[in-house]
Amino acid sequence: MLEQWYNGTVTRIVDETYNTRRFWIQIPDMDLFDFKPGQFVTLDLPIHENKHKRWRSYSIASHPNGSNEIELVIVLLEGGAGTTYLFNEIKEGSNLLLRGPLGKFVLPEVLDKDLFLVCTGTGIAPFRSMAKYIHLHNIPHKNIYLIYGSRYIKDLLYPGEMEQLQAEHPGFYYLPTLSREDSTGWTGRKGYVHTIYEEMLNGGNKPANFFLCGWKNMINEARQRIMDLGYDRKDIHQELYD
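## Section: the packing of aromatic side chains
For any two aromatic rings, the description comes down to two numbers: the centre-to-centre distance and the angle of the planes. For the coordinates displayed, the defined rule picks out nine aromatic pairs. For the pair Phe116 and Phe210, a centre-to-centre distance of 5.3 Å together with 25° between the ring planes defines the contact as stacked. Residue Phe116 is located in strand S7 (residues 114-120), and its partner Phe210 is located in strand S11 (residues 208-215); the two are separated by 94 residues in the primary sequence. Of the two residues examined, Phe116 and Phe210, each falls in the buried class. Taken together, a centroid distance of 5.2 Å and an interplanar angle of 20° make the contact between Tyr145 and Tyr173 stacked. Note that Tyr145 is positioned in strand S8 (residues 144-150) and Tyr173 in strand S9 (residues 172-178), a separation of 28 residues in sequence. The exposure class assigned to Tyr173 is partly exposed, which follows from its relative accessible area of 33%. One aromatic cluster in this structure is built from Phe116, Tyr145, Tyr173, Phe210 and Tyr231. Looking at Lys154, its charged tip hangs above the ring of Tyr152, at a distance of 5.7 Å from the centre.

## Things to note about the side chain of Thr120
Looking at where Thr120 falls in the secondary structure, it is placed in strand S7. Thr120 gets classed as buried once you look at its relative accessible area, which sits at 14%. Engagement of the side chain of Thr120 in a polar contact is seen with the backbone nitrogen of Trp215, the distance being 3.4 Å.

## Re the side chain of Thr83
When you line up the elements, Thr83 lands in helix H1 (residues 81-89). Judged by relative accessible area, which is 5%, Thr83 ranks as buried. In contact with Thr83, other than residues within four places in its own chain, are Tyr58, Ile74, Val75, Leu76 and Leu77.

## Overview of the sheet that holds S11
In a beta sheet, neighbouring strands pair by backbone hydrogen bonds and run either parallel or antiparallel. Taken in spatial order, the six strands line up as S10-S9-S8-S7-S11-S12 in an open sheet, and their pairing is parallel. With one partner strand each, in any of the chains shown, strand S10 (189-190) and strand S12 (236-241) form the two edges of the open sheet. In terms of strand pairing, S7 meets S11 through six bridges, oriented parallel. Along S11, the bridge assignment pairs Val118 with Leu212.

## Observations concerning the packing of helix H4 (residues 193-201) against helix H5 (residues 216-228)
Two elements in contact, H4 and H5, have axes separated by 10 Å at closest approach and are oriented at 20°. In terms of their interaxial angle, H4 and H5 are classed as roughly parallel. Considering the relative orientation of H4 and H5, their crossing is right-handed. Of H5, the residues touching H4 (which contributes Val193, His194, Tyr197 and Glu198) are Met218, Glu221, Ala222, Arg225 and Ile226. Looking at the contact of H4 with H5 residue by residue, the class counts come to five nonpolar, one polar and three charged.

## A short note on the nonpolar core
Counting residues in each nonpolar core, the largest one holds 29 residues, and the members touching the most others are Ile124, Phe127, Leu146, Met162 and Phe172. Secondary-structure elements contributing two or more residues to this core are S7, helix H2 (124-136), S8, helix H3 (159-168), S9 and S11. By residue number, the principal contributor to this core is H2, which donates six residues. Grouped together as the second largest cluster of nonpolar side chains are 21 residues, Ile27, Val41, Leu45 and Tyr58 included.

## Examining the pattern of salt bridges
All told, the structure shown has twelve salt bridges when counted by the stated rule. A salt bridge links Lys206 to Asp114, with the nearest nitrogen and oxygen atoms 3.8 Å apart. Taken together, the residues Lys206 in the loop between H4 and S11 and Asp114 in strand S7 connect sequence positions 92 residues apart. Of the residues examined, Lys206 reaches a relative accessible area of 27% and is grouped as partly exposed. Look at Asp114 and you get buried, because its relative accessible area is 8%. Asp235 is the salt-bridge partner of Lys234, the closest N and O atoms lying 3.8 Å from each other. The class of Lys234 is exposed, set by a relative accessible area of 60%. On the basis of relative accessibility, which here comes to 8%, the residue Asp235 falls in the buried class. Each of the salt bridges in this network shares a partner with another, and the network as a whole consists of Glu16, Arg22, Glu71, Arg128, Lys132 and Glu161.

Quick notes on the rules
Residues numbered from 1 in each chain as written. Predicted model: local features only at pLDDT ≥ 70, side-chain atom pairs only at ≥ 80, totals over all residues. Heavy atoms only, no water. Phe/Tyr/Trp six-rings, centres within 6.5 Å; stacked < 30°, edge-to-face > 60°. Helix = DSSP H or I, 4+ residues; strand = E, 2+ residues; numbered from the N terminus. Buried < 20%, exposed > 50% of the residue type's maximum accessible area, 1.4 Å probe, protein only. Lys NZ or Arg CZ within 6 Å of the ring centre and 35° of its normal. Polar contact = N/O pair within 3.5 Å; in protein donor to acceptor, adjacent residues only side chain to side chain. Contact = heavy atoms within 4.5 Å. Pairing = 2+ DSSP bridges. Axes fitted to C-alpha atoms, helices over the stretch in contact; angles between N-to-C directions. Parallel < 35°, antiparallel > 145°, perpendicular 65-115°, else oblique. Left-handed = near helix turned anticlockwise from the far one by under 90°. Nonpolar A, V, L, I, M, F, W, Y, C, P; charged D, E, K, R; others polar. Core = buried A, V, L, I, M, F, W, Y, C linked by side-chain atoms within 4.5 Å. Salt bridge = Lys/Arg side-chain N within 4 Å of Asp/Glu carboxyl O.

Structure follows, in structure tokens:
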């Protein structure tokens, strides 16, 4: 099967935090870039002769809106060839080669169970897409809990947007938690994501679907803890960030 790659044009770049940027990419050859919330695209970056060492995949942070433009949110990784190239070389008007949409990390057809969206760092990207899509299309659902772990206040992505969504959308709960923040300016939850969903589930007898996105260690620990609560592996969906 031939790989279908597209030329994308970077239309806008915004610094979201001190080490993350939002990149808007338009695909001129397509009138509509049709994807499901939770899917990702792969970029082919000129950083290596071996194509498999050039490819970098990123979840789409925007929701399907009928256009040919998508948003990615990317963190600069120390020593990372891909993100170093994107941060140092890519400007508004730059071209990027991409393929997609890809992936099966998507919402169930019917949202008849509570959704626990558990993430760290830029793992919030697919959940932002899902939450906004559900909100804008008035999709019936049970409770949705976005449990988002970061180290410090300065690391939080889209905090104002998520707080506004919680205020406007009944049944959507934004639950950020910080593991290292010691500032008196933070009055929210402290610690890791696991404590939050374990306290909420309290025994594991509530029907639920779990979506996990972020670093490998968080996902592995969450998967085991959720299964220890009595849930089946099929209730758990994951998207791993290397």
